[in-house]
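The residues making up each chain are set out below.
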Amino acid sequence: MNNNEEKGIGKLGLIALIISSSIGAGAFGITSDLARVASGGPALLAWLIVGLGVFFFVISLLNLSRKRQDLNAGLFVFAQEGFGRLAGFISGWSYWLAAGIGNIALATMMMSALGNFFPIFGNGQNIASILGATVCIWMLTYLVNRGVESATIINTVVMICKLIPLFVFVVVMMLAFKTGMFAKNFWLNVGENLSAAPSLNLFTQIKGSLLIMMWLFVGVEGATVLANRAKRRADAYQATYIGLLSLLLIYIFVSILPYGVMSQSQLMQGGQPAIAAILRHVVGEWGAIVINIGLIISVAGAWLSWTLLPAEVATLMTQNKLLPKYWGELNDHGAPTISLVIAGIMQTIFVWSMLFTTQAYTFAYTLCTSAYILCYLLVALYQIQYSWQQREYLQLFIGVMASIFQAGAIILASLHYLWLMTIAFVPGFYFFYQACKQEQQPMTKHEKLSILVIAIFALCALVALGLGKVQL
């Protein structure tokens, strides 16, 4: 034990890793997305709610990871342990889908950034952008399939390219900040909102902010993995608390300070990457160039990691007998070729959605975040079940609070997207059936009934899409 502790990560190093691993492309685009749904005051209230919700979730996951080390093979194992084989599959399949769809958000953001240097890519949603994104998807799939994974040098460069542009942005925003502009944007519409149109009320603004903010914390579960590598177990919780608080402060500065620099209507029209457009407005073209270059390198590194993630999840699911064995078969380079190819095909199909929605980036990350929230909810529910069994009432309270937040986020903000996600569940059930048959463990009546209900929801979603009742 002592040897492991000496070789572990120190508290400061752990905090830095948690921050750098959690910050993604979402921080570069949040300002315009948030301005479309909320003014400064409601946005700050939403940050308070999201901050507490994420805190309770991460503490739940830390607790389960520490006490159920036999289950440390992905989030889906907690759902499988607590609620059965099908729940584990739905959690794992949702995570697999979310990791793949998340790449579409990265693709849209990168192509939009490239459009500032190469006009052929436009705003990141034209044919050239889609073809460029498709080439990137398969190039990265090939590289990962050849055994090329995230190297230390890549992670270091990506971390610098994430943090320096954001630091420059925050400093410029502080220098350009106008108290009068911030006050004007702080409760914009809220005075009339409380008694006026439902689409503008305070509650609606907070609700509209939830998925936007949750997207920034997608992948925060990695903090528990990093925390488990601390030199001392006592440092793990402290580093996680400080890391999460630091992330929250960074996100608040990046998303709220612009309300004191530009009007809300100007922020809404900023385009993507939003903070590049804001810096262009404040300091000129050089500001946008700094942001776009940093973003392109940052997204490229993140895209490599996220290409590997769906394959890792699928491999773990085969080990837990939730997917057929061929999903996890490794080639001579130690990469699961079939899983990578299936993920590449799925991402290629989704990337063409850029042509059918005016907000491809927003559509991709909301769909991705909705799937992650479902996985997080199942973890929180297992935290309740396990803590009740162990009579650990503080952990039970934490699990209840985490569950309320995740369930509330689903009901208020992502129910529509989860309904659409059921369409992608249906083909997954075929692979689940194959796994059950392979293991000679036939599906139970309860599992068959649950699959039938989800399939009916999926059929209704398809009909609604066909009739134009649901907008992408």
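A word on the overall build of the protein
Each helix and strand counted, the protein has 20 helices and zero strands in total. Considering the protein as a whole, with its 472 residues, one finds that 56% of them fall into the buried category. Of the roughly 20,100 Å² that the protein leaves accessible, carbon and sulfur atoms contribute 68%.

A few points about the pattern of salt bridges
Enumeration over the complete set of coordinates arrives at six salt bridges. One salt bridge in this structure joins Asp-33 and Arg-36, with 2.7 Å as the shortest N-O distance. A residue pair is termed a helical-turn pair when its members lie 3 or 4 positions apart in one helix, as Asp-33 and Arg-36 do in helix α3 (residues 26-37) at three residues. Residue class for Arg-36 comes out partly exposed when judged on its relative accessible area of 32%. For Lys-321, the salt bridge goes to Glu-439, with nearest N and O atoms at 3.9 Å. Separated by 118 residues along the polypeptide, Lys-321 in the loop between α16 (285-319) and α17 (337-351) and Glu-439 in the loop between α19 (393-438) and α20 (445-466) bring together distant segments of the chain.

A word on the environment of Ala-113
Within the secondary structure layout, Ala-113 lies in helix α6 (residues 85-114). Through-space distance from the C-alpha of Ala-113 to that of Ala-274 is 9.9 Å; in sequence the pair is 161 residues apart. Sequence-distant contacts of Ala-113, that is, excluding residues within four places in its chain, are made with Pro-273, Asn-292, Leu-295 and Ile-296.

Observations regarding the environment of Lys-207
With respect to the helices and strands, the residue Lys-207 is situated in helix α11 (residues 202-216). Distance in space between the C-alpha atoms of Lys-207 and Leu-412 is 6.3 Å, their sequence separation being 205 residues. With sequence-adjacent residues up to four places away left out, Lys-207 is seen in contact with Leu-412 and Ala-413.

Regarding the packing of helix α5 (residues 76-83) against α6
Running from N to C, α5 and α6 cross one another at 160 degrees; their axes reach a closest spacing of 7 Å. On the basis of the axis angle, α5 is roughly antiparallel to α6. Crossing geometry of α5 relative to α6 is assigned as right-handed. Where α5 approaches α6, its residues Phe-76, Ala-79, Gln-80 and Phe-83 are matched on the opposing element by Arg-85, Ala-87, Gly-88, Ser-91 and Gly-92. Of the residues that constitute the contact of α5 with α6, the class distribution is four nonpolar, four polar and one charged.

Quick look at the packing of aromatic side chains
Aromatic rings considered in pairs are described by the distance between their centres and by the relative angle of their planes. Scanning the model with the defined rule gives 24 aromatic pairs in all. Seen in terms of ring centroids, Trp-93 and Trp-96 are 4.7 Å apart; in terms of plane orientation they differ by 25 degrees. Their pairing is stacked. Linking Trp-93 with Trp-96, this pair stays in helix α6, spanning three residues, or about one helical turn. A relative accessible area of 3% places Trp-93 in the buried class. Measuring from centroid to centroid gives 5.2 Å for Phe-177 and Phe-182, while their planes differ by 50 degrees, and the two rings are tilted. Owing to a relative accessible area of 18%, Phe-182 belongs among the buried residues under this scheme. Clustering of aromatic rings is evident, with ring pairs tying together Phe-89, Trp-93, Trp-96, Trp-327, Phe-429, Tyr-430, Phe-431 and Phe-432.

Considerations on a nonpolar patch on the surface
On the surface, Phe-117, Phe-118, Ile-120, Val-157, Ile-289, Ile-293 and Ile-297 cluster together into a nonpolar patch covering about 580 Å² of accessible area. Ranked by residues supplied to the nonpolar patch, first place goes to α16 with three residues. One can find Ile-289 in helix α16. A relative accessible area of 33% means that Ile-289 is categorised as partly exposed.

A few points about the packing of α6 against α16
Look at α6 against α16: their axes get within 9 Å of each other, and the N-to-C directions meet at 160 degrees. In terms of their interaxial angle, α6 and α16 are classed as roughly antiparallel. Relative to α16, the crossing made by α6 is left-handed.

Considering the environment of Pro-273
With respect to the secondary-structure elements, Pro-273 resides in the loop between α14 (264-268) and α15 (274-283). When its relative accessible area of 2% is taken as the criterion, Pro-273 is described as buried. Filtering out sequence-adjacent residues up to four positions away, Pro-273 remains in contact with Phe-28, Met-109, Ser-112, Ala-113, Asn-116, Asn-292 and Leu-295.

What about the confidence of the model for the protein?
Averaged over all residues, the pLDDT of the protein is 84; the fraction at 70 or higher stands at 88%. The model gives residues 1-5 a pLDDT under 50, and that stretch makes two contacts with residues more than four places away or in other chains. Counting contacts from residues 190-199, a segment whose pLDDT is below 50, to residues more than four positions away or on other chains yields 11 contacts.

Topic: the state of the cysteines
The full count for this structure, using the stated rule, is zero disulfides. Cys-375 provides the cysteine sulfur closest to Cys-368, a residue in no disulfide bond, and the two sulfurs are 9.7 Å apart. By relative accessible area, Cys-368 is classed as buried at 0%.

Some words on the nonpolar core
Membership of the largest hydrophobic core comes to 152 residues, with the highest contact counts inside it found for Trp-47, Phe-89, Trp-93, Trp-96, Trp-215, Phe-217 and Tyr-372. The element best represented in this core is α6, accounting for 19 residues. When near neighbours in sequence (up to four residues on either side) are disregarded, Trp-47 contacts Ile-30, Leu-34, Met-213, Leu-216, Phe-217, Leu-248, Tyr-251, Ile-252, Ser-255 and Ile-256.

Conventions adopted
Residues numbered from 1 in each chain as written. Predicted model: local features only at pLDDT ≥ 70, side-chain atom pairs only at ≥ 80, totals over all residues. Heavy atoms only, no water. Helix = DSSP H or I, 4+ residues; strand = E, 2+ residues; numbered from the N terminus. Buried < 20%, exposed > 50% of the residue type's maximum accessible area, 1.4 Å probe, protein only. Areas by Shrake-Rupley, 256 points an atom, 1.4 Å probe, with all protein chains shown as cover. Salt bridge = Lys/Arg side-chain N within 4 Å of Asp/Glu carboxyl O. Contact = heavy atoms within 4.5 Å. Axes fitted to C-alpha atoms, helices over the stretch in contact; angles between N-to-C directions. Parallel < 35°, antiparallel > 145°, perpendicular 65-115°, else oblique. Left-handed = near helix turned anticlockwise from the far one by under 90°. Nonpolar A, V, L, I, M, F, W, Y, C, P; charged D, E, K, R; others polar. Phe/Tyr/Trp six-rings, centres within 6.5 Å; stacked < 30°, edge-to-face > 60°. Patch = residues over 30% accessible without salt bridge, like charges linked within 9 Å, V, L, I, M, F, W, Y side chains within 5 Å. pLDDT = per-residue confidence, 0-100. Disulfide = S-S within 2.5 Å. Core = buried A, V, L, I, M, F, W, Y, C linked by side-chain atoms within 4.5 Å.

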